[in-house]
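Structural overview for review
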Amino acid sequence: MRFQAPESLSEQIAQHIGLRIIKAELKPKERIQELKVAKELDVSRGSVREALLILERRHLVNIFPRKGAVVSELSAHHVNCLYDMYITLLSMLLSTFSQCWKDGDLEEMIEKVESINKLMSSPEKPVDKIVEAGFELMSMTYEVVNNPYLEETLENFKPGISRTYYLAMKPRQEELHQTRAFFNKLVSAVLKRDQEAVKVIVADYGEFQRTLTLQELKSATSTSNSYI
């Protein structure tokens with residue numbers, strides 16, 4: 001397997017490994033061996049090492065002296081810290097957008113919400129495609145809000161948030177109706193330029209996702225302990 005431009009090689013490798021962590025194909029505390037990854041992807045160890053540094057900044061791996069890189073744990077403390085920040089920042093983005101949008105800014109977003117609704121109504125209910133479409137919807141607001149610092153920070157949160165979405169929603173696809181309601185209510189509030197309603201909708205859904213994630217973590221911990 002060989003990666004090519006336009007993105008840097010290290011970034012492509014980081015995205016490849018990061019997606020495996022997000023989907024739990026690589027488990028918490030699992031060691032990531034530079035040489036093995038380099039051979040699998042047909043790249044240099046130096047490129048893999050740079051990719052692991054990128055993943056460390058995204059809180060998906062921890063790098064230890066003489067031990068190397070291991071997949072980071074997803075603890076309750078980590079989840080709470082993540083959602084405390086993400087809910088605040090996403091609320092800031094979307095409430096600002098609700099005040100700034102102009103004619104022509106919403107058509108593509110409404111189409112994206114319709115495509116998300118179709119995915120959720122399909123028999124498969126593909127969590128990976130739903131999660132990605134949700135992030136694409138949020139990114140459509142960046143140009144209108146025009147805050148590069150906020151955009152960069154939220155983009156850096158994507159891997160961690162994606163990891164919690166996969167953990168929470170894969171075993172609970174029946175809960176996807178809450179996600180559909182979130183997007184539909186959000187679009188309605190944005191159309192009305194109801195800034196306070198947007199903040200409430202974002203906060204409620206963020207807390208819903210936080211609760212599901214913490215429940216799954218607790219369940220996984222209990223299952224693990226039962227075999228000790």
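Let me sum up the structure you'll find in this document. (Residues numbered from 1 in each chain as written. Predicted model: local features only at pLDDT ≥ 70, side-chain atom pairs only at ≥ 80, totals over all residues. Heavy atoms only, no water.)

1. Considerations on the packing of aromatic side chains
Condition: The criterion for an aromatic pair is that two Phe, Tyr or Trp rings (for Trp, the six-membered ring) have centres within 6.5 Å, with stacked assigned to planes under 30 degrees apart, edge-to-face to planes over 60 apart and tilted to the rest. Comment: elements are numbered from the N terminus, with helices defined as DSSP H or I runs of at least four residues and strands as E runs of at least two. Think of it in three bands: with a 1.4 Å probe and only protein chains considered, a residue is buried below 20% of the maximum accessible area for its type, exposed above 50%, and partly exposed in between. Any Lys NZ or Arg CZ that is within 6 Å of a ring centre and within 35 degrees of that ring's normal is treated as a charge sitting over the ring.
For the structure shown, the criterion picks out five aromatic pairs. Ring geometry for Tyr205 against Phe208: centres 5.9 Å apart, planes inclined by 35°, an arrangement best described as tilted. Taken together, the residues span about one helical turn, with Tyr205 and Phe208 both in helix H10 (residues 195–225) at a distance of three residues. Comparing Tyr205 with Phe208, the two get one shared label, buried. Members of the aromatic cluster, connected to one another through ring pairs, are Phe182, Phe183, Tyr205 and Phe208. Geometry around Trp101 places Arg193 over its ring, the cationic atom sitting 3.9 Å from the centre.

2. Details of the pattern of salt bridges
Between side chains of opposite charge, pairing is possible as soon as their charged atoms come close. As a reminder, the rule being used: Any carboxyl oxygen of Asp or Glu that lies within 4 Å of a side-chain nitrogen of Lys or Arg is treated as forming a salt bridge with it.
Overall, the coordinates contain nine salt bridges when judged by the stated rule. Here Glu34 makes a salt bridge to Arg45, at a shortest N to O gap of 3.5 Å. Of this pair, Glu34 sits in helix H2 (residues 34–41) while Arg45 sits in helix H3 (residues 45–57), and the two are 11 residues apart along the sequence. Under the relative-accessibility criterion, Glu34 is labelled buried at 18%. Overall, Arg45 belongs to the partly exposed group, its relative accessible area being 40%. The residue Glu155 makes a salt bridge to Lys158 at a minimum N-O spacing of 3.8 Å.

3. Quick look at the sheet that holds strand E2 (residues 61–64)
Using the following cut-off: Between any two strands, at least two bridges found by DSSP are needed for them to pair.
Taken in spatial order, the three strands of this open sheet run E1-E3-E2, and their pairing is antiparallel. The open sheet is flanked by strand E1 (31–32) and E2, the only strands paired with a single partner. As paired strands, E1 and strand E3 (residues 68–71) are joined by two bridges and run antiparallel to one another. Paired with Ile32 across the two strands is Ala69, which belongs to E3.

4. Overview of the side chain of Ser47
Keep this limit in mind: Residues count as neighbours in contact if any of their non-hydrogen atoms are within 4.5 Å of one another.
Along the polypeptide, Ser47 turns up in helix H3. What Ser47 contacts, discounting residues up to four positions off in sequence, is Leu9, Ser10 and Ile13.

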